[in-house]
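Close look at the chain arrangement
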Amino acid sequence: MLKKLHERAALFRAVRFFFENNAYLEVETPIRNPVLIPEATIRPVAAAGFFLQTSPELCMKRLLAQGYGKIFQICKCFRGQERGDRHLPEFTMLEWYRAGGDYQSLMAETVGLLCFIADEMEGGGMDMQVVTLLRKSPRFLTVAEAFHTYTSISVEQALADDCFDEILVEHVEPNLGQNRPCFLYDYPLELGSLARRKEGDSSLCERFELYVQGVELANGFSELTDVAEQRLRFTNELQRAEKWGQEGGAMPEKFLGDLHKMPDACGIAFGLDRLVMLLTGASTIDAVVSFSPEEL
Amino acid sequence: MYTSSDLRKGLKIEIDGEPYVITKFDFSKPGKGQALYRCHLRNMVTGNGFDKTYRSNDKFKKAPLDERQMQFLYSQGEEYNFMDNQSYEQYIIMKDQLADVIDFMIDNMNVDVLLFNDNPIGVTLANFVTLEVTRADPWVKGDTSGTDTKPVTVETGYELQVPPFVEEGDRIQIDTRTGSYLTRAKD
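Residues numbered from 1 in each chain as written. Chains lettered and ligands numbered in written order. Predicted model: local features only at pLDDT ≥ 70, side-chain atom pairs only at ≥ 80, totals over all residues. Heavy atoms only, no water.

**A few points about the environment of T235(A)**
- Note that T235(A) resides in helix 8 (residues 227–243).
- Looking at T235(A), its side chain comes within polar contact range of the main-chain oxygen of R231(A), at 2.8 Å. (Helix = DSSP H or I, 4+ residues; strand = E, 2+ residues; numbered from the N terminus. Polar contact = N/O pair within 3.5 Å; in protein donor to acceptor, adjacent residues only side chain to side chain.)

Structure, rendered in structure tokens:
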């Protein structure tokens, strides 16, 4: 039983080693923020007039705007009412951002991280099937292709019928990443409020998700840098949040004020607890953290 | 009222006037997507089940269930009669609703009865009951046939495998969850 935190620590060391080797700067940004990313599907946790971060994205992008070109962070994120075998309301995120990159180059870099982790973790009592899988050449599948392959409904129809999430979770996700890592990419524009429009197809955004053994591990994209479009997308998201009864949403003005200085960039959020789960063969996220909320 | 965040395995809710228990539960939330509460529900009266995925804003009615201790009085054809130990009120439960319970239930036994809107829908027995063996083949000492169990019938008519030394007239303890022999009762 003492093993789990050792395995977790070994993974964190490997991750830090990878970013150090690739000349990334480890940063910390405030966990409490007065304004969060407007996201209707995430319930913020209030903390003495502030909110606990749902992700460090806004602060890290402001660092890009200040001129830090390659940054990563391992931090706690908080999302109210998310609890299940793969969800904790407080979980550990790895996020990294790189100036000059786009989502294609970011997927390639993520493959590099998976291979590096596989090499570093090999022989440490890890699930060898997963270690071997991480090294395999990944599958790249667009969201449209995935719906065509695994469902009898098109992406457009699923969005119109308001059942995109249900179809994705029940019929698509279980098939992804079973034999090799899988990148699901090119999402409908409305499903990436901070992602850049795809060049050549303005109905899509340059966003991807990484899946291993049906588990969603990471979400990355080419960053949206157009200030007016970002404000419009946030406005839509705030309206959606209000419609669903969420309170306290506000426009992140300081972030928008810095955005024009931000270079073209790519960024990704990677759930480290879930990667520990996969590598150790744990069936629940509770098994890879020191204490679950119910144990406190 | 329950909200989606109350959903979990074992929770009992009312849908269209019938009680359901959640037998499987999974929380999902695709990246940038909505929270989804995936349930398998079993109808507590008919036993029929179905899968259903709920969203955050869904609301649920608590199933009005009540468990009371009653005494099994007697059976008459398909009807089994019980009496509430506190109110002395009598209830009838049909044989097919009792299922395996009748294998272990004898007159005057105390049982737990589950009520939905004051209608009995199920009976739970104590984990262990003691019943008398009414038919058993005699044990032949030195039997070398190699079998280490033999079949016997108990007073309810239920048949089970027991060690060869159990004889007719013995009282034996049975685990009602598995239906298997536990030990010979010393009384």
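**Let's talk about the nonpolar core**
All names here are of chain A.
- Residues L11, L94, W96, F270 and L279 are the most contacted members of the largest nonpolar core, which totals 51 residues.
- The element contributing the most residues to this core is helix 3 (residues 103–121), with nine residues.
- Leaving out residues up to four positions away in the same chain, F270 has contacts with T92, M93, L94, W96, T110, L113, L114, L210, L217, A218 and L275. (Core = buried A, V, L, I, M, F, W, Y, C linked by side-chain atoms within 4.5 Å. Buried < 20%, exposed > 50% of the residue type's maximum accessible area, 1.4 Å probe, protein only. Contact = heavy atoms within 4.5 Å.)

**Considering the confidence of the model for chain B**
Residues and elements named next belong to chain B.
- Here chain B shows a mean pLDDT of 91. Residues at 70 or above account for 96%.
- Here helix 1 (residues 95–98) stands out as the least confident element of chain B, with mean pLDDT 86; strand 4 (residues 36–43) is the most confident, with 96.
- Here the complex is predicted with pTM 0.84, and the ipTM for its interfaces comes to 0.88. (pLDDT = per-residue confidence, 0-100.)

**Regarding the sheet that holds strand 2 (residues 12–15) of chain B**
- Strand order in this open sheet of six strands is 1-6-2-3-4-5 (chain B), and the pairing throughout is antiparallel. Looking at which strands have only one partner, the edges of the open sheet turn out to be strand 1 (2–3) and strand 5 (49–55) of chain B.
- Across seven bridges, the pairing between strand 4 of chain B and strand 5 of chain B is antiparallel. By the bridge assignment for strand 5 of chain B, Y37(B) is matched with Y54(B).
- Helix-sheet contacts for helix 7 (residues 164–172) of chain A involve strand 3 (18–28), strand 4 and strand 5 of chain B, and the interaxial angle to strand 4 of chain B is about 70 degrees. (Pairing = 2+ DSSP bridges. Axes fitted to C-alpha atoms, helices over the stretch in contact; angles between N-to-C directions.)

**Remarks on the sheet that holds strand 16 (residues 180–184) of chain B**
All names here are of chain B.
- Sheet architecture is open: five strands sit in the order 14-13-12-15-16, paired in antiparallel fashion. The two strands at the open ends of the sheet, each matched to only one other strand, are strand 14 (159–162) and strand 16. Taking each pair of neighbouring strands and ignoring which way they run, the sheet shows an average axis angle of 50 degrees.
- Sheet analysis places strand 12 (residues 128–136) next to strand 15 (residues 171–175), joined by five bridges and oriented antiparallel.

**Regarding the packing of aromatic side chains**
- One pass over the full model with this rule turns up 17 aromatic pairs over all chains.
- Measuring from centroid to centroid gives 5.2 Å for F140(A) and F183(A), while their planes differ by 10 degrees, and the two rings are stacked. Taken together, the positions of F140(A) in strand 7 (residues 139–142) and F183(A) in strand 8 (residues 182–188) put the pair 43 residues apart, joining distant regions of the chain.
- Overall, the relative accessible area of 41% leaves F140(A) in the partly exposed class.
- The buried category is assigned to F183(A), whose relative accessible area is 0%.
- Considering the side-chain rings of Y20(B) and F50(B), the 5.6 Å spacing of their centres and the 80 degrees angle between planes classify their relative orientation as edge-to-face. Linking Y20(B) in strand 3 with F50(B) in strand 5, this pair joins segments that are 30 residues apart in sequence.
- These aromatic residues form a ring-pair network of at least three members: F17(A), F18(A), F19(A), Y24(A), F72(A), W96(A) and F116(A).
- Directly above the ring of F50(A) sits R32(A), whose terminal nitrogen or CZ lies 4.4 Å from the centroid.
- Cation over ring: R207(A) sits above Y187(A), and NZ or CZ is 3.9 Å from the ring centre. (Phe/Tyr/Trp six-rings, centres within 6.5 Å; stacked < 30°, edge-to-face > 60°. Lys NZ or Arg CZ within 6 Å of the ring centre and 35° of its normal.)

**Focus on helix 5 (residues 143–150) of chain A**
Residue and element names in this part refer to chain A.
- Listed in full, the buried residues belonging to helix 5 are V143, A146 and F147. The arc that holds the buried residues of helix 5, viewed along the axis, is 95 degrees, so those residues lie on one side.
- Considering only its buried residues, helix 5 is in contact with strand 7, helix 6 (155–160), helix 7 and strand 8. (Arc of directions from axis to C-beta.)

**Notes on the state of the cysteines**
Residues and elements named next belong to chain A.
- Taken as a whole, this structure holds zero disulfides over all chains when the rule is applied.
- Sulfur of C205: no disulfide; nearest cysteine sulfur belongs to C266 and is 15 Å away.
- When its relative accessible area of 0% is taken as the criterion, C205 is described as buried.
- By relative accessible area, which is 0% here, C266 ends up buried. (Disulfide = S-S within 2.5 Å.)

**Remarks on the domain arrangement of chain B**
All names here are of chain B.
- By the assigned domains, chain B splits into domain 1 (2–62), domain 2 (65–124) and domain 3 (128–184).
- The gap between the C-alpha centroids of domain 1 and domain 2 is 28 Å.
- Counting from both sides, the interface comprises seven residues of domain 1 and, opposite them, five residues of domain 2.
- For the pair domain 1 and domain 2, the summed buried surface comes to about 450 Å²; carbon and sulfur atoms form 79% of the total.
- When the area that domain 1 buries against domain 2 is broken down by residue, the three leading residues are P19, M44 and V45, summing to 68%.
- Connecting domain 1 to domain 2 are zero salt bridges.
- Taken together, domain 1 and domain 2 are joined by zero residue pairs in polar contact (both at pLDDT 80 or more).
- Broken down by secondary-structure element, the contributors of at least two residues to the side of domain 1 that touches domain 2 are strand 2 and strand 3.
- Among the residues making up the side of domain 1 that touches domain 2, the classes are represented as three nonpolar, one polar and three charged. (Domains from an automatic or database assignment. Buried area = accessible area lost by both parts, 1.4 Å probe. Salt bridge = Lys/Arg side-chain N within 4 Å of Asp/Glu carboxyl O. Nonpolar A, V, L, I, M, F, W, Y, C, P; charged D, E, K, R; others polar.)

**Details of the interface of chain A and chain B**
- If you look at the interface, chain A gives 24 residues, while chain B gives 16 residues.
- For the pair chain A and chain B, the interface holds nine residue pairs in polar contact (both at pLDDT 80 or more).
- Sorting the residues of the side of chain A that touches chain B by element identifies helix 7, strand 10 (201–212) and strand 11 (215–222) of chain A as the ones contributing at least two each.
- Here the side of chain A that touches chain B takes five residues from helix 7 of chain A, the largest share from any one element.
- Residue composition of the side of chain A that touches chain B, grouped by class: seven nonpolar, five polar and twelve charged.

**Some points on the pattern of salt bridges**
- Scanning all chains against the criterion turns up 31 salt bridges over all chains.
- A salt bridge links R231(A) to E253(A); the shortest N-O distance between them is 2.9 Å. Here R231(A), found in helix 8, pairs with E253(A), found in helix 9 (residues 253–259); they are 22 residues apart in sequence, far enough to count as distant.
- A salt bridge links D118(B) to R68(B); the nearest nitrogen and oxygen atoms lie 3.2 Å apart. Taken together, the residues D118(B) in the loop between strand 10 (110–116) and strand 11 (119–124) and R68(B) in strand 7 (residues 65–76) connect sequence positions 50 residues apart.
- What makes D118(B) partly exposed here is its relative accessible area of 38%.
- Via salt bridges that share partners, D66(B), R68(B), D84(B) and D118(B) belong to a single interconnected network.

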